[in-house]
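Examining the three-dimensional arrangement
Each chain is listed here by its residues.
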Amino acid sequence: MVLAIVLIGYLIILLDTAIVVTGLPAIGAELGLTALHLSWVQNSYTLISGSFLLLCARAGDVFGRRRVLNVGIALFTLASLAIGLSPNAAWLIAARIVQGAGAAILAPTTLALITEYFPEGEPRVRATSGYGIVAGIGAAAGMVLGGVFTSLWSWRVGFFINVPIGIALYFMARSVLPVSRKRSGQLDVLGAVLSVLGIGGILFAVVMSPEFGISNPLVSGSFVLGVLLIGVFVAHENRVPQPLMPLKLFRSPTRSGAVATRFLLVGATFSFFFFTTQVMQEVLGMSALEAGLGFLPLSVTQFFVALGIPSLIRSGVSERILVFAGVVVMVIGMGWLAFVATGYGYWLSIGIPMALLGVGQGICWGPLNSAGIADTSPSEAGAASGIVNSFHQIGGTLGVGAYSALAVAVMGSSQSVNAVVGRAQIGQAVAAFALLVAAIVALAFIGKPQKSTYKQPNPDSIAEEISFAQ
């Protein structure tokens, strides 16, 4: 039941994110939104969810997992209802901000539950494999469902279905999880402010750069300020006794390698969805429904491949080899998308390479999640999960922003068939290179033993250390 809570909680976030993408044209048409309003339907959610991930993750460690999880479920569910009832742009964007806050709580808290309730070994492997399946197929399934809902009924249906699921999830959490226990300590308030403003500044610059340009003072200033604040945040975290993001978590080469690999992989995957959706609808002439169903090769292959990963791990195949092999298969699929012309039709140009991406994700997502939270104590499970999810969110946002900006710089912003195809091929070629780097990082760091930093204590200081620990 705990695993069901984890998987359902994470799945509704992923489904919702993808459903919005396929529903944006219909949302704009029904509510009469301007291009700026339409961009902020997605950007407001991205900014809030990404900026507050570290804070919300650590809140679960301090205030208790069940208490924080239920707040996240309530926010996400109520916001989904409000979005489905939206009469205008202001209402819709305000509700998306609240929904982003709910997602910032749900994503890291569900991953932290795996660390808390599933010990290392077979239970952890099964749990992270399930989480990996959801992480990979959630976005693709959301594209399918978004196309179906938008074409057959309304874009609002995609948000309304979150309501009964959220209510059921809320009562599941209350009945299954034990009463939340507050841990000793308190939140690092200054660290929280610095992390929110720093990550928010970087994300704001990325999501606004396509509209205003990189050279715009607001965009460039926001990016520089965000980077500076993150630098101050890291320096601050190195000094405080109860940090929001314990830097010692990065001492593990496996965790650091998994986080870096995830950052590159998610950026490539998000850009794939961004470019492929446009190619299917604007070049191959697919409807929203057909384009949504066009992502089935990714979902189906990933689902069935991921089912076999726990048995491979039990047989002795290491996480490092699985992540490396999975990302290499993704390199092949992404390279195929980049260099095979769309004139060969859907299956040769998109369907088969998309299936390869699904195979690669099915192989690597579970082991990658397991590596990201390995060797983490329950008191730091939320912090570790926050790091994993923060790099996930930032990687996806930066990937789409950077790859699309590069593609526009080379091919221009024309909506002609040649321009759309050219931008997609450039973006996917860069994504293939990023995946190749990710494969090298995974091979070099995941599974590498952590160097011990323990020093024999001075006998005169033992009493002082015990006092500090208490």
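A brief structural summary. (Residues numbered from 1 in each chain as written. Predicted model: local features only at pLDDT ≥ 70, side-chain atom pairs only at ≥ 80, totals over all residues. Heavy atoms only, no water.)

Thoughts on the overall build of the chain
So the rule is basically this: In DSSP terms, a helix is any run of H or I states spanning at least four residues, a strand is any run of E spanning at least two, and both are numbered starting from the N terminus. Both definitions apply: the radius of gyration is a C-alpha atom measure, and the globule rule equals 2.2 Å times residues to the power 0.38. Here the Shrake-Rupley method, with its probe set to 1.4 Å, supplies the accessible areas, and only the displayed protein chains count as covering residues. Neither His nor the chain ends is counted toward charge; the positive residues are Lys and Arg and the negative residues Asp and Glu. In this description, the location of a charge corresponds to atom NZ of lysine, CZ of arginine, CG of aspartate or CD of glutamate.
The helix and strand inventory of the chain stands at 19 helices and zero strands. Relative to the compact-globule value of 23 Å for 470 residues, the chain shows a C-alpha radius of gyration of 22 Å, a close match. Taken over the C-alpha atoms alone, the chain extends approximately 75 × 50 × 50 Å along its principal axes. Of the accessible surface of the chain, which amounts to about 19,200 Å², a share of 70% is contributed by carbon and sulfur atoms. A distance of 3 Å separates the average location of the 23 positive side-chain charges in the chain from that of its 17 negative side-chain charges.

Topic: the side chain of Ser 271
The cut-off we apply is this: With a 1.4 Å probe rolled over the protein chains alone, any residue whose accessible area is under 20% of its type maximum counts as buried; one over 50% counts as exposed, and the rest are partly exposed. The contact definition used throughout considers only heavy atoms, calling two residues in contact when any of these lie within 4.5 Å.
Looking at where Ser 271 falls in the secondary structure, it is placed in helix α11 (residues 253–283). The class of Ser 271 is buried, set by a relative accessible area of 1%. The contact partners of Ser 271, leaving out residues within four places of it in the chain, are Gly 399, Val 400, Tyr 403 and Ala 431.

Overview of the environment of Ile 199
Locating Ile 199 in the fold gives a position in helix α9 (residues 189–212). Taking the C-alpha atoms as reference points, Ile 199 and Glu 290, separated by 91 residues in sequence, lie 36 Å from one another. Among all residues touching Ile 199, those that are not within four sequence positions of it are Gly 50, Ser 51, Leu 54, Ile 230 and Ile 394.

Topic: the packing of α11 against helix α16 (residues 346–372)
In plain terms, the rule: Angles run from 0 to 180 degrees between N-to-C directions of axes, and those axes are lines fitted to C-alpha atoms, restricted for helices to the stretch in contact. Orientation is classified from the angle alone, with under 35 degrees giving roughly parallel, over 145 giving roughly antiparallel, 65 to 115 giving roughly perpendicular, and any other angle giving oblique. For any pair of crossing helices, the crossing counts as left-handed if the nearer helix is rotated counterclockwise from the farther one by less than a right angle, and right-handed if it is rotated clockwise. Throughout, the ten residues Ala, Val, Leu, Ile, Met, Phe, Trp, Tyr, Cys and Pro are labelled nonpolar, Asp, Glu, Lys and Arg are labelled charged, and all others, Gly among them, are labelled polar.
In the contact formed by α11 and α16, the axes pass within 11 Å of each other and the chain directions differ by 155 degrees. Taken together, the axes of α11 and α16 lie roughly antiparallel to each other. Crossing of α11 over α16 shows left-handed handedness. Where α11 abuts α16, its residues Thr 254, Arg 255, Ala 258, Thr 261, Arg 262, Leu 265, Val 266, Thr 269, Phe 272, Thr 276, Val 279 and Met 280 lie against Tyr 346, Ile 350, Met 354, Leu 357, Gln 361, Cys 364, Trp 365, Leu 368, Asn 369, Ala 371 and Gly 372. Residue composition of the contact of α11 with α16, by class: 14 nonpolar, seven polar and two charged.

Considerations on the nonpolar core
How we decide: We define the nonpolar core as a collection of buried residues of types Ala, Val, Leu, Ile, Met, Phe, Trp, Tyr and Cys that are connected through side-chain atoms lying within 4.5 Å of one another.
Residues Ile 13, Leu 69 and Ile 114 are the most contacted members of the largest nonpolar core, which totals 64 residues. At twelve residues, helix α1 (residues 2–31) tops the list of elements feeding residues into this core. Excluding its chain neighbours within four sequence positions, the residues that come into contact with Ile 13 are Tyr 45, Phe 76, Ala 103, Leu 106 and Ala 107. By size, the runner-up hydrophobic cluster in this structure holds 44 residues, among which are Leu 265, Phe 295, Val 323 and Met 334.

A look at the environment of Gly 396
In this structure, Gly 396 sits in helix α17 (residues 381–411). Taking relative accessible area as the criterion, Gly 396 reaches 0% and is therefore assigned buried. For the pair Gly 396 and Val 410, spaced 14 residues apart in sequence, the C-alpha to C-alpha distance is 21 Å. If near-sequence neighbours (up to four positions away) are discounted, Gly 396 is found in contact with Val 266, Gly 267 and Phe 270.

Details of helix α5 (residues 89–117)
Threshold: To estimate how far a helix should reach, multiply one less than its number of residues by 1.5 Å. Under the rule applied, a polar contact is a pair of N or O atoms within 3.5 Å (in protein, one hydrogen donor and one hydrogen acceptor; residues adjacent in sequence only if both atoms are side-chain atoms).
With 29 residues, α5 should cover 42 Å at 1.5 Å per step; its first-to-last C-alpha distance of 42 Å lies within 8% of that length. Of the residues that open α5, the one with a side-chain oxygen 3.3 Å from the backbone nitrogen of Ala 90 is Asn 88.

A few points about the packing of aromatic side chains
Put simply, the rule is: Aromatic rings from Phe, Tyr and Trp, taking only the six-membered ring of Trp, are treated as a pair when their centres fall within 6.5 Å; an angle between ring planes under 30 degrees marks them as stacked, one over 60 as edge-to-face, and anything in between as tilted.
Under the definition given, this model contains nine aromatic pairs. Each ring, one from Phe 303 and one from Phe 304, has its centre 5.2 Å from the other, and the planes form 85 degrees; the classification is edge-to-face. These aromatic residues form a ring-pair network of at least three members: Phe 272, Phe 273 and Phe 295.

A closer look at the side chain of His 392
Note on placement: His 392 falls in helix α17. Of the polar contacts made by the side chain of His 392, one reaches the side chain of Arg 262; its length is 3.1 Å. With residues up to four places along the chain from it excluded, the contact list for His 392 reads Tyr 10, Arg 262, Val 266, Phe 270 and Trp 365.

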